[in-house]
Amino acid sequence: MNSSPLPNGRLLPDSQSWNSSGSDEDLEAEPVPGLHGGVVEFSGVLSKWTNYIHGWQDRWVVLKNNTLSYYKSQDEREYGCRGSLCLSKAVITPHEFDECRLDISVNDSVWYLRAQDPEHRNQWIDSIELHRAESGYGSESSLRRHGSMLSLTSATSGYSATSTSSFKKGHSLREKLAEMETFRDILCRQVDTLQKYFDGCADAVTKDELQRDKIVEDDEDDFPTTRSDGEFLHNNNGSKEKLFQSLSHKGINGIDFKGEAITFKATTAGILATLSHCIDLMVKREDSWQKRLDKEMEKRRRVEEAYKSALSELKKKSHFGGPDYEEGPNSLINEDEFFDAVEAALDRQDKIEEQSQCEKSRIQRNSLVSTGDVYTSVGTHRFSEKVEEMVKNHLTYSLQDVGGDANWQLVVEEGEMKVYRREVEENGIVLDPLKATHCVKGVTGHEVCHYFWDTDVRNDWETTVENFNIVETLSDNAVIVYQTHKRVWPASQRDVLYLSAIRKILANNENDPDTWLVCNFSVDHEKAQPNNRCVRAKINIAMICQTLVSPPEGDKEISRDNILCKITYVANVNPGGWAPASVLRAVAKREYPKFLKRFTSYVQEKTAGKAILF
């Protein structure tokens, strides 16, 4: 039996052949060099997507021993990592649109990471691939080392199982196979017998030829030839001839050749008949097997479809809220889903606000309202000219009546309140200016503007702000404020840096109403730079309040029943990012009227029973 050498010196019989590749690698994998000797640790700061509330957060990420780990900061490494991924089976995907982002997924776990720039991202990808290659994963050689023998063994075992199960049913087929075994034994014995007969015949012919040669030699010497039994052989003409003994029907060594031939023929006929029967049985069962196979394949197809559907739903639920579902032109969420998600989030915020309103009403904050003299001047600071320019523009254009202007659409009308909108888009971003007018009884313009400007009471009526702080106080009537707004998923979180100034507008004549103004417009400041966590919005907002007084009857003093505040509110907002236009306009239409009603109700509540402040 031929054998082939194994790598370790043993012999492999030819019946146990090599696999299809014929390579030693498929039987015995070469050792993989250790990571400690080849690849060094790689670490640095990456922004990691945490959740849809907190968004991107900077984390210290470490790549070591084919494992990616992250810490809250470099200083906190001694406290242990917050999470890690084994890169052996990880899938690294550079983002299609964001050149700084890469996604790393293992099964249903996904890390969304962002580097400082594309070059930094490429360094991380190269380092990860280098670690994977050194560990024996992610290359063709590793697939050859680990794959071939496993596939061969699986295929062989699958075939054996199928063959065995196929013969378990159908006793007639089993019986015919047993008959085949019997015929094989009989045929082997008959072949041995006939082989012995043919060997005997060959020996007899050889001996006869030797004897004939001897007779010919004796005939040449004119000596009579004697047979083995002593008789002389002569023909009629005096020549000698050889007399061959006729073979009996038993043949050589007593073998009945004719009988054996008949038996051999009968055995082969039986084998052919049994094979024909087996073929008939297998043909009859083929239809049954095919039907069963079709049923099994249909079951498998349904199971695979159910598995894919379940996996898709699981991934959707697991990562719904990831960065791919954020607002943007390449968002995976469609416009209807975006709108539904925003509306649901706003409804939740309204419920939370209603629950907390009772708690706010119990906390009475005293806001000191200064006299008008403090707010008549612009003040001296580096933004003085800008403030003066904004005040003049708002007094010139914001007070103009837009009711008959075809460019302005009346979108909301509730009692005394009217909200107008003019549709404007630039580069796909909605920049619709909004203008609202409202009349509120029992309060003055001074009081309304004061509560709108005063940051001490901002959280009492403002429900959209998450937190804010005063970056710089420019004067008694001007401050720079940085505030972040509550996130409404799937929209990104917004922050705003703006200068807020309050002014008392001096009347040109005694018939002009008492007028106050608060203007908020975006500025830049070194202490509040934009960050990756929020999208920086730009605003230009003004609230202009005019106090109208109706004379009291007789000698009565002016009461709050005699005063009316006419409010004009204008807002120009650049959201700073992409979101569906229909969603932005729907949210503005819903939120602005709610804001005005909430704020004016708050002012009426705060001033009720107090002295009138003009």
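Position numbers for residues start from 1 in each chain and track the written sequence from start to end. Local features in this predicted model are restricted to residues of pLDDT 70 or higher, and side-chain atom pairs are both shown and tallied only at a pLDDT of 80 or more, whereas totals for entire chains, interfaces and linings draw on every residue. Processing note: side-chain calculations cover all non-hydrogen atoms of the structure and skip hydrogens and water entirely.

S.K.: What is the right way to look at the environment of isoleucine 544 in this model?
M.R.: Each helix is a run of H or I in the DSSP string that is no shorter than four residues. Each strand is a run of E no shorter than two, and both are numbered from the N terminus. Note that isoleucine 544 resides in strand β20 (residues 538-549). As a C-alpha pair, isoleucine 544 and threonine 515 span 29 residues in sequence and 7.1 Å in three-dimensional space.

S.K.: Would you mind going over the side chain of threonine 444 with me for this structure?
M.R.: Counting through the fold element by element, threonine 444 comes out in the loop between β14 (434-441) and α8 (445-453). Contacts between residues were defined by any pair of non-hydrogen atoms, one from each residue, lying within 4.5 Å. Beyond its immediate chain neighbours, meaning those up to four positions away, threonine 444 contacts Thr547, Ile563, Cys565, Ile612, Leu613 and Phe614.

S.K.: Where do I start with the pairing of strand β4 (residues 55-64) in this structure?
M.R.: Regular strands show a simple pattern: their side chains alternate between the two faces of the sheet. The cut-offs for exposure are 20% and 50% of the maximum accessible area for each residue type, with area from a 1.4 Å probe on protein chains only; residues under the lower value are buried, those over the upper are exposed, and the others partly exposed. Taken across its ten residues, β4 has seven buried, putting it largely inside the fold. When DSSP finds two or more bridges between two strands, those strands count as paired. Relative to β4, strand β3 (residues 42-51) runs antiparallel, the two sharing nine bridges. Following the sheet pairing, serine 47 is matched in β4 by aspartate 58. In this sheet, strand β5 (residues 67-71) lies alongside β4 in antiparallel orientation, the contact comprising five bridges. Across the sheet, residue valine 61 finds its bridge partner in β5, namely tyrosine 70.

S.K.: How should I be thinking about the pattern of salt bridges in this particular structure?
M.R.: Oppositely charged side chains are able to pair whenever their charged atoms sit close together. Any carboxyl oxygen of Asp or Glu within 4 Å of a side-chain nitrogen of Lys or Arg constitutes a salt bridge here. Tallying each qualifying case throughout the model produces 22 salt bridges. For the salt bridge of glutamate 304 with arginine 300, the shortest nitrogen-to-oxygen distance reads 3.1 Å. Placement of the pair is glutamate 304 and arginine 300 together in helix α5 (residues 257-319), with a separation of four residues, close to one helical turn. Relative accessible area serves as the criterion here: at 58%, arginine 300 is assigned to the exposed category. Across the pair glutamate 414 and lysine 597 runs a salt bridge whose closest N-O atoms are separated by 3.0 Å. Note that glutamate 414 is positioned in strand β10 (residues 409-414) and lysine 597 in helix α10 (residues 581-607), a separation of 183 residues in sequence. Several salt bridges converge on common partners, so that one network encompasses Glu298, Arg301, Arg302 and Glu305.

S.K.: Which parts of the structure should I look at to understand the sheet that holds strand β8 (residues 101-106)?
M.R.: Backbone-to-backbone hydrogen bonds join strands into a sheet, with any given pair of strands oriented parallel or antiparallel. Taken in spatial order, the seven strands make up an open sheet running β6-β5-β4-β3-β9-β8-β7, and their pairing is antiparallel. Either end of the sheet is taken by a strand with one partner, and the two such strands are β6 (83-86) and β7 (91-94). Each neighbouring strand pair of the sheet contributes to a mean axis angle of 35°, computed without reference to strand direction. Lying over the sheet, helix α2 (residues 118-134) contacts β3, β4, β5, β7 and β8, oriented at roughly 105° with respect to β3. Every angle, taken between N-to-C directions, lies between 0 and 180 degrees, and every axis is a line fitted to C-alpha atoms, over only the stretch in contact when it is a helix.

S.K.: Is there a simple way to think about the pairing of β3 in this case?
M.R.: Strand direction decides the pairing type here: β3 and strand β9 (residues 109-114), joined by two bridges, are antiparallel. Bridging across to β9, serine 47 finds its partner in arginine 114.

S.K.: Help me understand the side chain of arginine 560 in this model?
M.R.: Checked against the element boundaries, arginine 560 lands in the loop between β20 and β21 (563-574). The residues contacting arginine 560, other than those within four sequence positions of it, are Gly442, Val443, Glu447, Thr607, Lys610, Ala611 and Ile612.

S.K.: Help me understand the nonpolar core in this model?
M.R.: The nonpolar side chains of a soluble globular protein tend to be buried, and buried together. Residue types Ala, Val, Leu, Ile, Met, Phe, Trp, Tyr and Cys, when buried and joined through side-chain atoms within 4.5 Å, form a set referred to as a nonpolar core. Core analysis: the biggest nonpolar cluster contains 38 residues, and Val448, Phe452, Met543, Tyr569, Phe595 and Phe599 have the highest contact counts within it. When residues in this core are grouped by element, the largest group, seven residues, is from α10. Beyond its immediate sequence surroundings of up to four residues, phenylalanine 452 is in contact with Arg458, Trp461, Val518, Asn520, Met543, Tyr569, Phe595 and Phe599. Counting 19 residues, the second-largest nonpolar core is a separate cluster that includes Val387, Val391, Val471 and Ala478.

S.K.: Would you explain helix α7 (residues 384-398) in this entry?
M.R.: For an α-helix, 3.6 residues make a turn, and residues three or four places apart therefore share a direction. Every helix has an expected span of 1.5 Å times one less than the residues it contains. With 15 residues, α7 should cover 21 Å at 1.5 Å per step; its first-to-last C-alpha distance of 20 Å lies within 8% of that length. Elements that come into contact with the buried residues of α7 comprise β14, β17 (494-505), β18 (514-522), β20 and β21.

S.K.: I'm lost on the confidence of the model for the chain in this one. Help?
M.R.: Any residue range with low pLDDT should be treated as having predicted coordinates unsuitable for detailed reading. As a per-residue measure, pLDDT tells how confident the predictor is, with possible values from 0 to 100. With 71% of its residues at a pLDDT of at least 70, the chain reaches an overall mean of 76. Here residues 223-251 is modelled with pLDDT under 50, and outside its nearest four sequence neighbours on either side it reaches 35 contacts, counting other chains as well.

S.K.: Could you clarify how one ought to interpret a nonpolar patch on the surface in this entry?
M.R.: By definition, no residue in a patch forms a salt bridge, and every one has over 30% relative accessible area; like charges are joined within 9 Å, nonpolar side chains (Val, Leu, Ile, Met, Phe, Trp, Tyr) within 5 Å. Calculation of accessible area relied on Shrake-Rupley with a 1.4 Å probe; when residues are assessed, cover is drawn exclusively from the protein chains displayed. A grouping of Val549, Ile558 and Phe614 is seen on the molecular surface, where their side chains present a nonpolar patch of about 250 Å² in accessible area. Tracing the backbone through its elements, the reader meets isoleucine 558 in the loop between β20 and β21. Given a relative accessible area of 41%, isoleucine 558 falls into the partly exposed group.

S.K.: Would you take a moment to explain the packing of aromatic side chains for this structure?
M.R.: Geometry of an aromatic ring pair is reported as the spacing of the ring centres plus the angle between the planes. Any two of the Phe, Tyr and Trp rings considered here, Trp counted by its six-membered ring, make a pair once their centres fall within 6.5 Å; the pair's planes then place it as stacked at under 30 degrees, edge-to-face at over 60, or tilted in between. According to the stated counting rule, one finds 13 aromatic pairs in the structure shown. Note on tyrosine 569 and tyrosine 592: the rings are 6.2 Å apart at their centroids and 50° apart in plane angle, and the pair reads as tilted. Of this pair, tyrosine 569 sits in strand β21 while tyrosine 592 sits in helix α10, and the two are 23 residues apart along the sequence. Tyrosine 592 shares its class with tyrosine 569; the two are buried. Directly above the ring of tyrosine 70 sits lysine 48, whose terminal nitrogen or CZ lies 4.8 Å from the centroid. Only Lys NZ and Arg CZ are tested; either one counts as a charge over a ring when it is within 6 Å of the ring centre and within 35 degrees of the ring normal.

S.K.: Please explain unusual backbone geometry as it appears in this structure.
M.R.: What is expected of a backbone is that most residues other than glycine have negative phi and most peptide bonds are trans. Positive phi outside glycine occurs at asparagine 65, with the angle close to 50°. Residue placement: asparagine 65 occurs in the loop between β4 and β5. In this structure, asparagine 66 is a non-glycine residue whose phi angle is positive, near 60°. Residue position: asparagine 66 is located in the loop between β4 and β5.

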